[in-house]
Amino acid sequence: MKILITGLWICAVTIASCYGAVTFGGGIFSDKKGEPYLEGLQYQKLAPINIPMIADGKVQGYVIAVLVFTADAKLMHTLPVPPNSFVVDEAFRQIYSDPALDFRKLAKYDITKRLAEVRAKVNERLGGDVVKDVLVDEINFVAKREVRS
């Protein structure tokens, strides 16, 4: 009988302590500084994009880019089509058709301007200010001779 009463006592104490911790300890882990939380922005990482670079009628290599964009979460959920495809499509178009991008003659490239154009074109196609920023996670160039077939 003593073992049964001791077991019930342990269960009661455990349940009471859990209830007290949840009820009265709720403010322990809260943000005490009152810093604003960036609510409403959603972070989306896209799959790698392989863009062929053509010069003199031949494929010279491939630009492999991994992009990330932030977008207004409320607007993203109301769109009939997610903006991911639009960002990939516009980035592909911008890089593929850019005559200033020549890997045979390397020079500095204004990636900030190109990403701003991608963002502006995507927002124009979506009909609103959905995409807030486009970022580069990775970008590489692989020459055709380095590609395994």
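Structure shown above.
Notes on the structure follow.

Quick notes on the rules
Counting restarts for each chain, with residues numbered from 1 along the sequence as it is written. In keeping with the model being predicted, local features are shown solely for residues with a pLDDT of at least 70 and side-chain atom pairs are shown and tallied solely at 80 or more, while totals for entire chains, interfaces and linings include all residues. By convention in this description, side-chain values take in all heavy atoms of the structure and omit both hydrogens and water. The rule for a salt bridge is simple: a side-chain nitrogen of Lys or Arg has to be within 4 Å of a carboxyl oxygen of Asp or Glu. By definition, any uninterrupted DSSP run of H or I lasting at least four residues is a helix, any uninterrupted run of E lasting at least two residues is a strand, and each is numbered from the N terminus. The cut-offs for exposure are 20% and 50% of the maximum accessible area for each residue type, with area from a 1.4 Å probe on protein chains only; residues under the lower value are buried, those over the upper are exposed, and the others partly exposed. Contacts are assigned to residue pairs with any non-hydrogen atoms lying within 4.5 Å of each other. Between the rings of Phe, Tyr and Trp (Trp by its six-membered ring), a pair exists once the centres lie within 6.5 Å; its type follows the angle of the planes, with under 30 degrees stacked, over 60 edge-to-face, and the other angles tilted. Note on method: axes are straight lines fitted to C-alpha atoms, helices fitted across the in-contact stretch only, with angles between N-to-C directions ranging 0 to 180 degrees. For classification, angles of less than 35 degrees are called roughly parallel, those exceeding 145 degrees roughly antiparallel, those between 65 and 115 degrees roughly perpendicular, and all remaining angles oblique. Left-handed is the label given to a crossing in which the near helix is rotated counterclockwise from the far helix by less than a right angle, and right-handed is the label when the rotation is clockwise. Basically, the charged four are Asp, Glu, Lys and Arg, the nonpolar ten are Ala, Val, Leu, Ile, Met, Phe, Trp, Tyr, Cys and Pro, and anything else, Gly included, counts as polar. In this analysis a 1.4 Å probe is tested at points of a 1 Å grid over the protein atoms alone, and where it fits but cannot get out there is a cavity; an open set with protein on both sides within 12 Å along at least five of seven lines is a pocket; lining residues have an atom within 4 Å of a point. Grid points are joined across faces, edges and corners, and a volume is the space filled by probe spheres set on the points.

**Quick look at the pattern of salt bridges**
Inspection of every chain in the model, using the stated rule, returns 7 salt bridges. Close ionic contact of Arg 93 with Asp 89 constitutes a salt bridge, the shortest N to O distance being 2.8 Å. Separated by 4 residues within a single helix, Arg 93 and Asp 89 lie in helix H3 (residues 84–96), roughly one turn from each other. Residue class for Asp 89 comes out partly exposed when judged on its relative accessible area of 24%.

**Brief notes about the environment of Ala 91**
Turning to its location among the elements, Ala 91 is positioned in helix H3. Expressed as a C-alpha distance, the spacing of Ala 91 and Ala 65, which sit 26 residues apart in the sequence, is 9.1 Å. In this structure, Ala 91 is in contact with Ile 49, Ile 51, Leu 67 and Val 118, ignoring residues within four places of it in sequence.

**Brief notes about the packing of aromatic side chains**
Under the definition given, this model contains 1 aromatic pair. Taking 5.6 Å as the distance between ring centres and 15 degrees as the angle between the ring planes, the aromatic pair formed by Phe 92 and Tyr 96 counts as stacked. Remark: Tyr 96 and Phe 92 occur in helix H3; sequence separation between them is 4 residues, near one turn of the helix.

**A short note on the packing of H3 against helix H4 (residues 111–126)**
It is at 9 Å that the axes of H3 and H4 come closest, and there the two elements cross at 130 degrees. Classed by the angle they form, the pair H3 and H4 counts as oblique. Here H3 and H4 pass one another in a crossing that is right-handed. Two secondary-structure elements touch here, H3 through Phe 86, Val 87, Asp 89, Glu 90, Ala 91, Arg 93 and Gln 94 and H4 through Arg 114, Glu 117, Val 118, Lys 121, Val 122, Arg 125 and Leu 126. Its residues assigned to classes, the contact of H3 with H4 shows 6 nonpolar, 1 polar and 7 charged.

**Concerning empty space enclosed by the protein**
Tallied over the full model, the rule gives 1 cavity of 30 Å³ or more. Looking at the largest cavity, the residues that line it are Leu 67, Ala 91, Gln 94, Ile 95, Ile 111, Arg 114, Leu 115, Val 118, Val 136 and Ile 139. Broken down by secondary-structure element, the contributors of at least two residues to the lining of the largest cavity are H3, H4 and strand E4 (131–143). Residues that form the lining of the largest cavity fall into these classes: 8 nonpolar, 1 polar and 1 charged.

**What about the environment of Val 66?**
Tracing the sequence through the fold places Val 66 in strand E3 (residues 58–72). Owing to a relative accessible area of 8%, Val 66 belongs among the buried residues under this scheme. Sequence-distant contacts of Val 66, defined by excluding residues within four places in its chain, comprise Lys 45, Leu 46, Pro 48, Leu 135, Val 136, Asp 137 and Glu 138.

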